[in-house]
Amino acid sequence: YEAPEDKEDIFASRACPAFLVFDTAAFLTDMTIELPCHCKPEETHSVVWYYQKQIGSMNTKVLTDFEGTKVVESSKVGRGSDLRSRFSIRLFSLVIFRVQKADSGHYICGTASGEFFYGYDVDVQEVRQVLFPWNVKQRTQVQAEPIGIKTEKFQVFTSYGSWSKCDRCDVQGEQMRVGLCYVKSIYLHVRYQRESDTVASCGSSAVPQQFGLSSSSYGAKLEVRNCHTPCPTKPTTSPERQALLKFLEFDDRGPSGVTIHFHNHPTDSDLVLTCPGAKPQYAVAWDKGSAPLYRSQYMEGLNKTSRVFIDTGHHLNFRPVRLEDKGSYFCWLQGQLAAEIRLGVYLRLGRLRQISDPESVYALQVILACYAGISAAFLLTVG
């Protein structure tokens, strides 16, 4: 990638701080986040990112993509996978897919030789409570009691963002807003940069450990409400252009007018569908055929036995996928139909056995029992 010549080089005009400080940032779990490296010397052409849970810890992870040669497919990133398999470096920025609470900590942009340029203090919060329109009593309690706890040294509260766009048009949709947990105190560490000197997120390292919030159940809240908005008028395409595109086989859109993606997956294995082009700040919705999959029915955490659910990162999860899940799935972005995913599910005739499988354990027990019996018979015969 080469930057256009008429664009200003931000690295030439922005000097790195003489003393390494950390920008604080709070996110929801399962979202894809991007941490830009805001400054570096002009002669540095590639960067390495370092991760530490606590500053000064001897356990440091080095995140490098071998100068841009590593490719990560977000649809194949799982929750339980290691941080090293869920990141990518793009134009010096660190991109982490499906960020988890365990990923909270310090991220430092630097070089392989040990130079450090810029740092972040990342706080990943899990959703502790989801509020829907039908839960009127719970919504009233939250609005009446916005403060979680207040002491002489600190005050805990929930800060809500603005409502998202309606995730569907011409039909009933849903809107979301996120409430993150924050702390207000005059005793916060000064090494961490924030919009306010007295406010930081609950899991930030700027909050003293003596407050006891690191091991508590504080987290984010999510509100969902119904909405309805009309679809914008679409520009018409001339019949001549449509005929030309069809002749050149350039148009890969189906009858619904959106791009079609095909995916085949074996049964009895987990599957995660991601809407193409989705970003963390986008409003995302899912339909199976003509049936909408509303969060009021499919939100993760509503039912602990749910096999199909939508997580806080707007992914459609199947745990596991079954034959009846095959079909067309439509996803919406910012209130407009964005893509169609045609999911094919097939039976897996054979698979590699794991040592922890019940069949493998039973086979090992039989083999060991036979070996013990043969050894005993041999010893009796020899004796």
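Residues numbered from 1 in each chain as written. Predicted model: local features only at pLDDT ≥ 70, side-chain atom pairs only at ≥ 80, totals over all residues. Heavy atoms only, no water.

As recorded in an unreviewed UniProt entry, the protein goes by the name Ig-like domain-containing protein, listed as coming from Cirrhinus mrigala. Under Sequence similarities (unreviewed entry), UniProt gives the following word-for-word description of the protein: "Belongs to the FAM187 family." (UniProt positions renumbered as here; feature names shortened; annotations may be inferred.)

Q: Summarise the sheet that holds strand β20 (residues 308–310); cite the residues concerned and give the values.
A: Pairing within the open sheet is antiparallel, and its three strands lie in the order β17-β21-β20. Edge positions in the open sheet fall to β17 (271–273) and β20, since each of these has one partner strand only. Taking each pair of neighbouring strands and ignoring which way they run, the sheet shows an average axis angle of 20°. In this structure, β20 lies alongside strand β21 (residues 316–318), joined through three bridges in antiparallel fashion. (Pairing = 2+ DSSP bridges. Helix = DSSP H or I, 4+ residues; strand = E, 2+ residues; numbered from the N terminus. Axes fitted to C-alpha atoms, helices over the stretch in contact; angles between N-to-C directions.)

Q: Before we move on, could you go through the state of the cysteines and cite the residues and values that matter?
A: Two cysteines, two sulfur atoms, one covalent bond between them: this is a disulfide. Scanning all chains against the criterion turns up five disulfides. One disulfide in the model links cysteine 169 with cysteine 231; its S-S distance is 1.8 Å. Judged by the sign of its S-S torsion, about 85°, the bond between cysteine 169 and cysteine 231 is right-handed. Pair noted here: cysteine 169 is in the loop between β11 (155–160) and β12 (172–184) and cysteine 231 is in the loop between β15 (220–228) and α3 (239–247), with a separation of 62 residues, a long-range link. One disulfide bridge connects cysteine 181 with cysteine 202, the sulfur atoms lying 1.9 Å from each other. Given an S-S torsion of about -65°, the disulfide between cysteine 181 and cysteine 202 has left-handed geometry. You can see cysteine 181 sitting in strand β12 and its partner cysteine 202 sitting in the loop between β14 (199–201) and β15, a full 21 residues away along the chain. Per residue, the accessibility class of cysteine 181 equals that of cysteine 202, and both read buried. (Disulfide = S-S within 2.5 Å. Buried < 20%, exposed > 50% of the residue type's maximum accessible area, 1.4 Å probe, protein only.)

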